[in-house]
Amino acid sequence: MKATNRLDRDELAALVARDIPAGSYVNLGIGQPTRVSNFLALGNGVTLHTENGMLGMGPEAHGDEIDLDLINAGKIPVTELPGASYFHHADSFAMMRGGHLDICVLGAYQVSQHGDLANWHTGGVGDIPAVGGAMDLAIGAKDTFVMMSLLTREGQSKIVPECTYPLTGLGCVSRVYTDLAVFLLDSSGVTVRETFGISFAELADLVPVPLRPS
Amino acid sequence: MVHIVATVDDAVSDIPDGATVMIGGFGTAGQPVELIEALVRQGATDLTVINNNAGNGEVGLAALVAAGRIRKIICSFPRQSDSHHFDEKYRAGEIELELVPQGNLAERVRAAGAGIGGFFTPTGYGTPLAEGKETREINGRYYVLEYPIHADFALIKAHVGDEAGNLTYRKTARNFGPIMASAARTAIVQVARIVPVGQIDPENVVTPGIHTNRMVAVPAARTPEPAVGQ
């Protein structure tokens, strides 16, 4: 793909899907990351994990396929693929925490230059906090990818020097996929892998952390 | 030894005010709606409830919340598009919330059933949900000390039970059932049907009967439609 403009949500999901190696065990977070499953190539052996106790999750169920005992983490009815397995919640989270999942893909409010993640609570007064499996996933998977729009509605970068929203996990994000660029994070800093519809210099003006071109 | 009782009302008749009650289910999948509704009828109040969520829509756990029977809820994901009864009680200061990361919730329940006094987990380290908790560096990684969650009763929905209390589950409705069955002093289980011993292949038993204290058949149990999305 040679993108010349910023990516839309489907293009972003397709890009993440292409970067998931064949044979991986993957957890897609609720919301936008779920869209990645629409673009995983059938037959490449990627196995989807859902935190509520299943490996081998298939696409969303429709019509007669709907079984209310078979849902994903977003509580949407899904299907099972051949080779699927079920397990209880403690086993499901041991699978995460134990480092057995290759990749998880999560949404985020903010990611810091150190890979800290904030994605569960705005901290706003009157907001009811809900964390679900976000903290377990963020620190458990071998690689944690974030997908999000780079800028808030007010035009502020969500990649920040330090998170100001309540943290989900420390130093856990290795890659950030956004509509404007893909960022690789490691102990040496933030590298820009590619940009979409924007130059590296323009990106560096938007993002208040030191960036390196790849 | 398992006691097979005739009705869901019999099954929950001795749950007292102030009890700590685990309730299985993830959203509506695996939620023992009929047992919870019997508990609403029974009237026990001032309860501490452990569940992943805080009720969906109008039935089951949501009805228990709406009836004002819960003093405190320990859960990971209370706020959903259809959690209006919880939201109202929480904002009115009428229900206490202990928010726990989902894997820590599951492991704390598992630990109670397994006789573990506490465990160090990396989940939540450095976040607001670990504030005030003991931490330890082990082999270069940081962990938070978490304690087990015990309960007086568990309300669980399984699929098939045999007369020895052995249980099978269906698909993702399994979720918290097996760990809550072992964590509670009295596990009360509703099943779609009860079969004679020998009818469940021992290789397929998920919860061994030692954990099942009370069982009731609810052949046409309801699983309410979940709200779309969160």
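Within every chain, residues take consecutive numbers counted from 1 along the sequence as written. Both sets of labels track the order of writing: A upward for chains, 1 upward for ligands. In keeping with the predicted nature of the model, local features appear solely for residues at pLDDT of at least 70, side-chain atom pairs appear and are counted solely at 80 or more, and the whole-chain, interface and lining totals rest on all residues.

**Remarks on the overall build of chain B**
Inference 1: Going along the chain from the N terminus, every DSSP run of H or I of four or more residues is numbered as a helix, and every run of E of two or more is numbered as a strand. Of the regular secondary structure elements, chain B holds six helices and 14 strands.
Inference 2: Projected onto the principal axes, the alpha-carbon positions of chain B cover approximately 50 × 40 × 35 Å.
Inference 3: In chain B, buried positions account for 55% of the 230 residues.
Inference 4: For every residue pair, C-beta atoms are placed from the backbone, and the pair is scored as a contact if these atoms sit within 7 Å. Considering only intrachain contacts with a sequence separation of at least 6, the fraction spanning at least 24 residues in chain B is 77%. Counting other C-beta atoms within 10 Å of a residue's own tells you its class, since 20 or more makes it buried, 12 or fewer makes it exposed, and anything in between is partly exposed; those C-beta atoms are placed from the backbone.

**Some remarks on the confidence of the model for chain B**
Inference 1: What pLDDT conveys is the predictor's confidence in a given residue, as a value from 0 to 100. Per-residue confidence for chain B gives a mean pLDDT of 96, with 98% of residues at or over 70.
Inference 2: Scored as a complex, the prediction yields pTM 0.96 and ipTM 0.95.

**Comments concerning the interface of chain B and chain A**
Inference 1: Counting residues at the interface gives 41 residues for chain B and 33 residues for chain A.
Inference 2: Broken down by secondary-structure element, the contributors of at least two residues to the side of chain B that touches chain A are helix 4 (84-91), helix 5 (102-114) and helix 6 (177-183) of chain B.
Inference 3: Here the element with the most residues in the side of chain B that touches chain A is helix 5 of chain B; it accounts for five residues.
Inference 4: For this classification, the nonpolar set comprises Ala, Val, Leu, Ile, Met, Phe, Trp, Tyr, Cys and Pro, the charged set comprises Asp, Glu, Lys and Arg, and every other residue, Gly included, is treated as polar. Tallied by class, residues from the side of chain B that touches chain A come to 17 nonpolar, 16 polar and eight charged.

**Let's talk about the sheet that holds strand 6 (residues 110-112) of chain A**
All names here are of chain A.
Inference 1: Across the sheet, three strands lie side by side as 7-6-9; this open sheet has mixed pairing. Edge positions in the open sheet fall to strand 7 (117-118) and strand 9 (159-160), since each of these has one partner strand only.
Inference 2: Relative to strand 9, strand 6 runs parallel, the two being bridged by two bridges. From the neighbouring strand, V111 faces strand 9, where its bridge partner is I159. When DSSP locates at least two bridges between a pair of strands, those strands are taken to pair.

**Digging into the packing of helix 2 (residues 89-97) of chain A against helix 5 of chain B**
Inference 1: Axis geometry follows a simple rule: fit a line to the C-alpha atoms, using only the stretch in contact for helices, then measure angles between N-to-C directions, giving values from 0 to 180 degrees. Helix 5 of chain B packs onto helix 2 of chain A with a crossing angle of 125° between their chain directions and a minimal axis gap of 9 Å. Considering the angle they form, helix 2 of chain A stands oblique to helix 5 of chain B. By crossing handedness, the relation of helix 2 of chain A to helix 5 of chain B is classed as left-handed. Two secondary-structure elements touch here, helix 2 of chain A through H89, A90, F93, M96 and R97 of chain A and helix 5 of chain B through Q102, G103, A106, E107 and R110 of chain B.
Inference 2: Of the residues in the contact of helix 2 of chain A with helix 5 of chain B, the class split is four nonpolar, three polar and three charged. The cut-offs work like this: below 35 degrees is roughly parallel, past 145 is roughly antiparallel, 65 to 115 is roughly perpendicular, and the gaps in between are oblique. Left-handed describes a crossing in which the near helix is turned anticlockwise from the far one by less than a right angle; the clockwise case is right-handed.

**Considerations on the environment of R193 of chain B**
All names here are of chain B.
Inference 1: Looking at the element boundaries, R193 is found in strand 13 (residues 193-195).
Inference 2: A tally of 12 C-beta atoms within 10 Å means that R193 is categorised as exposed.
Inference 3: As a C-alpha pair, R193 and I95 span 98 residues in sequence and 35 Å in three-dimensional space.
Inference 4: Leave out the neighbours within four places in its chain, and R193 touches V160, A217 and P219.

**Focus: the pairing of strand 8 (residues 141-146) of chain B**
Residues and elements named next belong to chain B.
Inference 1: With three bridges connecting them, strand 6 (residues 119-121) and strand 8 associate as antiparallel partners. Residue pairing across strands places F119 opposite E146, the latter belonging to strand 8.
Inference 2: In terms of strand pairing, strand 7 (residues 135-138) meets strand 8 through four bridges, oriented antiparallel. Its bridge partner lying in strand 8, E137 is registered against Y142.
Inference 3: The antiparallel pairing of strand 7 with strand 8 creates a hairpin that spans two residues between the two strands, and N139 there sits at a positive phi of about 50°.

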